[in-house]
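# Residue-level structural notes
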Amino acid sequence: MSNKVLMEHPLFYVTDQYGNADSRQDLGHGLYMKDTRFLSHYELRINGEQPELLGEGTTESYMQTTILKHEIKDCGAIEIKRSSYLYDGALREQLTLTNYFLTEQPIKLSVKFDADFQDMFIVRHYRSGEVGEKTAAVFKSNSMLLQYIGKDVQLRQTLIQWDGNPDVNEQEQELMYELTLEAGKHTAIQFAFVPVTDQTERALLPFEQGLEKLQFSYDLWLTRNTRMTSSNAMFNSLYERSLQDLRMLQTDIGYGATMVAGLPWFATVFGRDSLITALFMLPLHPAHALGTLRTLAAHLGKKEDPWRDEEVGKIMHEIRFGELVQTGQSPFSPYYGGVDSTPLFLVLLVEYVKWSGDISIINELQDAVDAALGWIDRRSQGNAAGFLTYKQEAEQGFPNQGWKDSSNSIVQENGQLAAAPIALIEVQGYICWAKQGLSSIYESLNQYERSGKLRSEANHLAEQIVQYFWLEEEQFFSIALDGELKPVRSITSNPGHLLLSSILNDAKKEAVSSRLLNEDMFTGYGIRTMSSHSTGYYPMGYHNGSVWPHDNGMILLGFLRSGRLKEAKLLVSGLLHAAAEVPDQRFPELFCGYSRQECDRLVPYPTTCSPQAWSAATAFVMLQAMLGLQVDVPNGIITLSPSLPLDIQDMNVVGLTIGSGKLDLYLYIDQDSDETYATILTNTTGLDVKIVTE
């Protein structure tokens, strides 16, 4: 993906590789806030020409530095360094021009701006609707104010400020700087772009001071999370980049910090994405789960509204804030068309308690827990087998409502799409996982009747899963059941998520684990979403043959929880190979499913989002798997089964928060036995750590 992205709540910014926001390319470039584009065009030219691209000058997630040049062959060049960041509700950019000619040079620098104030869904050609109109721009000394009155009667404005003394072409919304620069000298020009919705004037910090505060916030984030260094520089870079990206992807819509799904088009809270990301982040610090749990509990479904697929007790799928939502032309206010978010909400709650020991969160969120369980149980009564199913109700909603939500993701052996209502295999597993975990928590609270009921329900559902989903001839589970409760005979990655719950016997664990790592599923970079032997397989398909890092993260966590440590080591090694191939050691949303035998380089997916929160967080599941770390603070359990791949000979882990204390660890591979050993350097958790060697 050639776009460059920045985010700092509540803004995100998308440009081309030159650092321009070019509306003519129709690629969605611009500055966004609350699903509205407040800057749609920002282009610079030197002496009437677009400068040439040299490259990037930083690896920091919070900073975008682009180096350009305007050259006259054999004479010299003007270097232009564009340095951009987002902070305190504004986009800041500094242009530094350096004269590399041997003589003084006249320079004509022009910059042109526009804002269309389009709703995100219109920018993406995803929705259309009745919208407002722009009004006249207002020009003052060193500033312009672009304005728009929406169909929702809200005034939206973009304040653009600059320094220096350019000529201003008000009609074209263009600035022209005429500069003279001595040989070897440089000069800087600064711009600020401020989205405004409340007409409140405020002073911006100086460019350097704002940048210092932003850098400090990132440094503080890094020190508050688990740190890791290893003998593998590439994995170190992946881990560090993932930490930075998750700091960048933080947002808060009123109930504490949580993660948006990804950039550029999913810069908002999603039920499924935010929950899985928080689950993966538990080894960083358990407290990261709290904002997600509280945010989703606050937006729990409160009524029956088919237009939004809302039902009482259902966790939302996605929330938006743009003009189409505000005027009731789009159902995403929020939209509830996700079948897995509700059980995953309960799963995250269970796992947070295990990592933190914080039982008080159960009392705080008890109403949400009761409502979520009630929704699951009511919806599971719609079929004789008692499975949770989905069917599209909202006209503008999604036909498929699991994580593989593209319209062709549930395909029969004969090539036909499965008919709804559909029961997904992984969703039933999540319910078992949630009810098993809640049962243990309620038992510790002496609520034995409730504990027993949940455990009985989980055990019964586990039996039903095996009876209905198991494909004997394949020795594997089906991805789903169709509307007639018949299995969709397609081999996919979804059954790998069953390993997360304690519902499979050893033989089934062995069968599922082995098949996932067969050559029709495992590419050497990761596990495909669909077997290369299945109908509908397509290595470039969004959900039908590609490889998703987060999907592999769920399976990897399943390998760990089910004791399949050799399989976990192999999958970690594959993901390390993938990380070595992706730009900047940043896991994208997905990549194509070609194997290492078919292509000796990883093949990127053409329109992937990056950074993507749950992809970034997969690095922390890799760490957890290498540690073989399993935690249950209420029951006093911390277990390590360390297993490093040969790509990583040793590793230091510092500040791993469990319960009210921390662990510092050192792992290394013994050169004689090739076994991994762990040494506890610091343990302030108050709990004993059991170390199990291979």
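Below is a summary of the structure that appears in this document. Note that the structure is predicted; figures quoted are calculated from it, not measured.

Reading guide: rules and limits
- Residues numbered from 1 in each chain as written.
- Predicted model: local features only at pLDDT ≥ 70, side-chain atom pairs only at ≥ 80, totals over all residues.
- Heavy atoms only, no water.
- Pairing = 2+ DSSP bridges.
- Helix = DSSP H or I, 4+ residues; strand = E, 2+ residues; numbered from the N terminus.
- Axes fitted to C-alpha atoms, helices over the stretch in contact; angles between N-to-C directions.
- Buried < 20%, exposed > 50% of the residue type's maximum accessible area, 1.4 Å probe, protein only.
- Contact = heavy atoms within 4.5 Å.
- Polar contact = N/O pair within 3.5 Å; in protein donor to acceptor, adjacent residues only side chain to side chain.
- 1 Å grid on protein atoms, 1.4 Å probe; cavity = no way out; pocket = protein on both sides within 12 Å on 5 of 7 lines; lining within 4 Å.
- Points joined across faces, edges and corners; volume = space filled by probe spheres on them.
- Nonpolar A, V, L, I, M, F, W, Y, C, P; charged D, E, K, R; others polar.

What follows covers the sheet that holds strand S3 (residues 30-33). Here four strands make up an open sheet; going across it, the order is S1-S2-S3-S4 and the pairing antiparallel. The open sheet has two edge strands with one neighbour each: strand S1 (4-8) and strand S4 (36-39). Taking the axes of each pair of neighbouring strands and ignoring which way they run, one obtains an average angle of 25° across the sheet. Examined bridge by bridge, strand S2 (residues 11-15) and S3 share four bridges and lie antiparallel to one another. Following the sheet pairing, Leu 11 is matched in S3 by Met 33.

Before going further, it helps to spend a moment on the environment of Thr 327. Looking at the secondary structure, you find Thr 327 in the loop between helix H6 (323-326) and helix H7 (341-356). The class for Thr 327 is partly exposed, based on a relative accessible area of 27%. Each C-alpha atom of the pair Thr 327 and Val 153 lies 9.3 Å from the other, and the pair is 174 residues apart in sequence. Discounting residues that sit within four places of it in the chain, Thr 327 has contacts with Lys 151 and Asp 152. Of the polar contacts made by the side chain of Thr 327, one reaches the backbone oxygen of Glu 323; its length is 2.8 Å.

This model, assessed by the stated rule, comprises three cavities of 30 Å³ or more. Volume-wise, the largest cavity comes out at about 80 Å³. Looking at the largest cavity, the residues that line it are Val 353, Lys 354, Ile 359, Gly 437, Ser 440, Ile 441, Ser 444, Asp 632, Pro 634 and Asn 635. Going through the elements one at a time, H7 and helix H10 (425-444) are the ones with two or more residues in the lining of the largest cavity. The biggest single contributor to the lining of the largest cavity is H10, with four residues. Of the residues assigned to the lining of the largest cavity, the class counts are four nonpolar, four polar and two charged. If you add up the space inside the second largest cavity, you get close to 50 Å³. Taken together, Asp 309, Glu 311, Lys 314, Val 339, Trp 375, Arg 379, Thr 389, Tyr 390, Lys 391, Glu 393 and Gln 401 make up the full set of residues lining the second largest cavity. When the residues that make up the lining of the second largest cavity are grouped by side-chain class, the tally is three nonpolar, two polar and six charged.

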